[in-house]
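Structural characterization, general
The chain contents come next:
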Amino acid sequence: MKTLLVVGFLALIVYNLGAALYYMLTDRGESKRAVNALTRRIALSVALITLVAVGIATGVIQPHAVGA
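Residues numbered from 1 in each chain as written. Predicted model: local features only at pLDDT ≥ 70, side-chain atom pairs only at ≥ 80, totals over all residues. Heavy atoms only, no water.

Examining the environment of R28
Note the cut-off: Put simply, DSSP marks the helices as runs of H or I at least four residues long and the strands as runs of E at least two long, and each gets a number from the N terminus on. We call a residue buried when its accessible area falls under 20% of the maximum for its residue type, exposed when it is over 50%, and partly exposed in between, using a 1.4 Å probe and counting protein chains only.
Checked against the element boundaries, R28 lands in the loop between helix 1 (2–27) and helix 2 (33–58). Judged by its relative accessible area of 68%, R28 is exposed. Taking the C-alpha atoms as reference points, R28 and N16, separated by twelve residues in sequence, lie 18 Å from one another.

This is the structure we're talking about:
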């Protein structure tokens, strides 16, 4: 379930990045749709990082020790 949540967030982030690219190419700077899509992407990225940090702090997610 945790993996599905992270993959879902990543899919939404990539979708908003693609939407911003599409809006930049089609609108030619006449609307704020690209800015809004990029703002949503940043908000989703911050939310994902926060959820992972909270999950590690509460013990729900167990980080592995790479290189230890």
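Resuming the write-up.
A word on helix 1
The test is simple: A helix is expected to span 1.5 Å multiplied by its residue count minus one.
Helix length check: helix 1 (26 residues) gives 37 Å between terminal C-alpha atoms against 38 Å at 1.5 Å per residue, within 8%. Of all the positions in helix 1, only F9, I13, N16, A19, A20 and D27 are classed as buried. Two residues or fewer after helix 1 comes R28, characterised by a positive phi angle close to 55°.

Observations regarding a nonpolar patch on the surface
Operational definition: To count toward a patch, a residue needs a relative accessible area over 30% and no salt bridge; like charges are then connected within 9 Å, while nonpolar side chains (Val, Leu, Ile, Met, Phe, Trp, Tyr) are connected within 5 Å. Surface accessibility in these figures is a Shrake-Rupley result with a 1.4 Å probe; residues are shielded only by whichever protein chains are displayed. Should a side-chain nitrogen of Lys or Arg be within 4 Å of a carboxyl oxygen of Asp or Glu, the pair is scored as a salt bridge.
Side chains of L21, M24 and L25 sit close together on the surface and give an oily, nonpolar patch of about 310 Å² of accessible area. Locating L25 in the fold gives a position in helix 1. A residue is classified by how much of its surface remains accessible, and L25, at 53% relative accessible area, is exposed.

Observations regarding the pattern of salt bridges
Counting across every chain of the model gives one salt bridge. Across the pair D27 and R33 runs a salt bridge, and its minimum N-O distance is 2.9 Å. You can call R33 partly exposed: its relative accessible area is 38%.

Observations concerning helix 2
The test is simple: The contact definition used throughout considers only heavy atoms, calling two residues in contact when any of these lie within 4.5 Å.
Between its first and last C-alpha, helix 2 extends 37 Å over 26 residues, near the 38 Å set by a 1.5 Å rise per residue. Turning to helix 2, its buried residues are A34, A37, L44, L48 and G55. Looking at the buried positions of helix 2, the neighbouring elements they touch are helix 1.

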